[in-house]
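# Architecture at a glance
The chain contents come next:
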Amino acid sequence: MMNVYNSLTRRVEELKPLEGNEIRLYTCGPTVYNFAHIGNFRAYAFEDILRRVIQFNGMKIRQVMNLTDVDDKTIRGANAAGVALTDYTKTYKDAFFADLKKLNIQPAEVYPAATDHIPEMIALVQKLMDKGVAYQSEDGSVYFKVREFPGYGKLAHIDFDNQRTGLRCAADEYDKENVGDFALWKAWEESDGPVGWDSPWGRGRPGWHIECSAMSMKYLGETFDLHTGGIDNLFPHHENEIAQAEAATGKEFVRTWMHCAHLRVNGEKMSKSAGNFFTLRDLLEKGYTGREIRYVLINAHYRTGLNFAFTALEDARKALDKIDRCVAQATDGEAPEWATKHLQDFADAVNDDLNLPRAFAALFELVRDANGKGAAGTLGVFKRMDEVLGVIFFENEKKEEAIPAEVKALLDARAEARKSKNWAESDRLRDEIAALGWTVKDSRDGQSLEKKG
Ligand code: AMP
Ligand code: ZN
């Protein structure tokens, strides 16, 4: 039984599919105006753990992650660079998918882009107009009338008595103190340049919130299981998504909402605007691997703040090395009872609101016992745990990813030397590789490498 904390009810509840055996999950994706930073990847790594735990429990998953490729920021970026919006965002879409791969994040089933769904958004705004919960203002933009939707504020638990009333907010992001009617459709402005679509309310573009309501319902239905994002998405973005969807359909929009806490730097949220961010590329260039970065991102409970520090990456390297050494000894076969017990603890931990710190503790108990009592028969347990974690190396081909290019080149040269029976050259290359911190072993299957401890 998989339990998760639902931000809507503020309780831990069992997660089970509304229909059949499939969980339908919508995850708010990147705004593709720049390279995603590792704070963003904390959110995507959390969602990856979530989808893996769902599958670990034998349920199927249908995940939709949107790509916000039109909003205030993308338009500003494209126009400043003097390129078409689609060309501008393509760079960052491509980079995003490459980064996900590096972090071993499983792909979602659908990645809809906002600009491919403008008709769906217009249709949804029209529906809200027809129901009388939206209106066009003097400036041509269309707004959602929050006072007309009785459920407004149920996710963020907003106390309306302490609110000023009658405000209107055109910006995509604002805080709880400034609750107001929010933009569904933004009238074209000079600064939008060539970006714009025709609509019943004139030329313009969709607001950010309507993108997610329209695309989630298109791919997952009017009511679906699960919706997630970083905690900063809870208000106003998710609150507004609920208002738009439920006002339009009269049905419950989403059963369970989950939000991850922020990745911080020196106590502050890592963000582009604060300028205190690292992209994944920054860290890869410093020599850290995707797997080490993944390890750090998933190793804290998703609902607690995680402070980013380079020491954590160093610790991750050591921890992974310890795991690798043990797994290298592990064999197939029937698992010893103690290993099965650690697996049970692991399963209980992930099913207890994705308690990854406890799950890692179970993994390290397994490592400790396997080192002490012998690793025979433990391979299956490691593999089962890694269905969730996605950080353990099993095959040689995967191992090669972590070998520095320089060492790899020497290794290839050595293979050549051995083929032509040039043993002196082979030995010289072995020493050169050793000087870089790697031990070469020769067997009937060829050479293999081990990092010197
Ligand atoms: P954005 O591209 O700003 O729309 O953000 C994409 C996702 O990253 C959203 O789910 C955000 O909530 C999340 N996010 C942004 N900054 C952080 C952070 N510092 N820590 C964790 N998640 C974040
Ligand atoms: Zn969204």
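Scope of this entry: the structure provided in the associated data block. (Residues numbered from 1 in each chain as written. Chains lettered and ligands numbered in written order. Predicted model: local features only at pLDDT ≥ 70, side-chain atom pairs only at ≥ 80, totals over all residues. Heavy atoms only, no water.)

### Some remarks on the sheet that holds strand β10 (residues 224-230)
Counted only if it meets this: Two strands make a pair as long as DSSP finds a minimum of two bridges between them. Put simply, DSSP marks the helices as runs of H or I at least four residues long and the strands as runs of E at least two long, and each gets a number from the N terminus on. Geometry is summarised by axes, namely lines fitted to C-alpha atoms with helices restricted to the contacting stretch, and by angles between N-to-C directions that run from 0 to 180 degrees. Here, residues are in contact when the closest pair of their heavy atoms is within 4.5 Å.
The four strands are arranged β4-β3-β10-β11 in an open sheet whose pairing can be described as parallel. Edge strands, defined here as strands with exactly one partner in the open sheet, are β4 (60-65) and β11 (254-260). Sheet twist, expressed as the mean angle between neighbouring strand axes with direction ignored, is 25 degrees. Looking at chain direction, strand β3 (residues 22-27) and β10 are connected through three bridges and run parallel. When the bridges of β10 are listed, leucine 25 appears paired with leucine 226. Where helix α1 (residues 38-56) meets the sheet, it contacts β3, β4, β10 and β11, and its direction lies at approximately 150 degrees from that of β10.

### Regarding the site of ligand 1
Spelled out, the test is: Any residue with a heavy atom positioned within 4 Å of a molecule or strand is treated as near that molecule or strand. Think of a polar contact as two N or O atoms within 3.5 Å of one another; within protein, one of them needs to be a possible hydrogen donor and the other a possible acceptor, and neighboring residues in sequence only count if both atoms come from side chains. Where accessible areas are quoted, they stem from the Shrake-Rupley method and a 1.4 Å probe; at the residue level, only the protein chains shown are allowed to cover.
Surveying the vicinity of ligand 1 reveals 17 residues, the closest of which are Gly39, Asp232, Asn233, Leu263 and Met270. Measuring from a nitrogen atom of ligand 1, one finds a backbone N or O atom of glycine 39 at 3.0 Å. Protein chains shield 92% of the accessible area of ligand 1, which is 490 Å² for the free molecule. Sorting the residues of the shell around ligand 1 by element identifies α1 and β10 as the ones contributing at least two each. Here the shell around ligand 1 takes four residues from α1, the largest share from any one element.

### With respect to the coordination of the zinc ion (ligand 2)
This is how it is decided: Counted as donors are the N, O and S atoms within 2.8 Å of the metal, or 3.2 Å for Na, K and Ca, while water is not among the atoms, so some sites may look incomplete. For the exposure calls, accessible area comes from a 1.4 Å probe over protein chains only, and a residue counts as buried if that area is under 20% of its type's maximum, exposed if over 50%, partly exposed in between.
The protein atoms that coordinate the zinc ion (ligand 2) are Cys28 (SG), Cys212 (SG) and His237 (NE2), at distances spanning 2.0 to 2.2 Å. On the primary sequence, the residues serving as donors to the zinc ion (ligand 2) are separated as C-x183-C-x24-H. With cysteine 28 in the loop between β3 and α1 and cysteine 212 in helix α5 (residues 208-220), the pair connects residues that are 184 residues apart, well separated along the chain. Among the residues examined, cysteine 28 registers a relative accessible area of 6% and is labelled buried.

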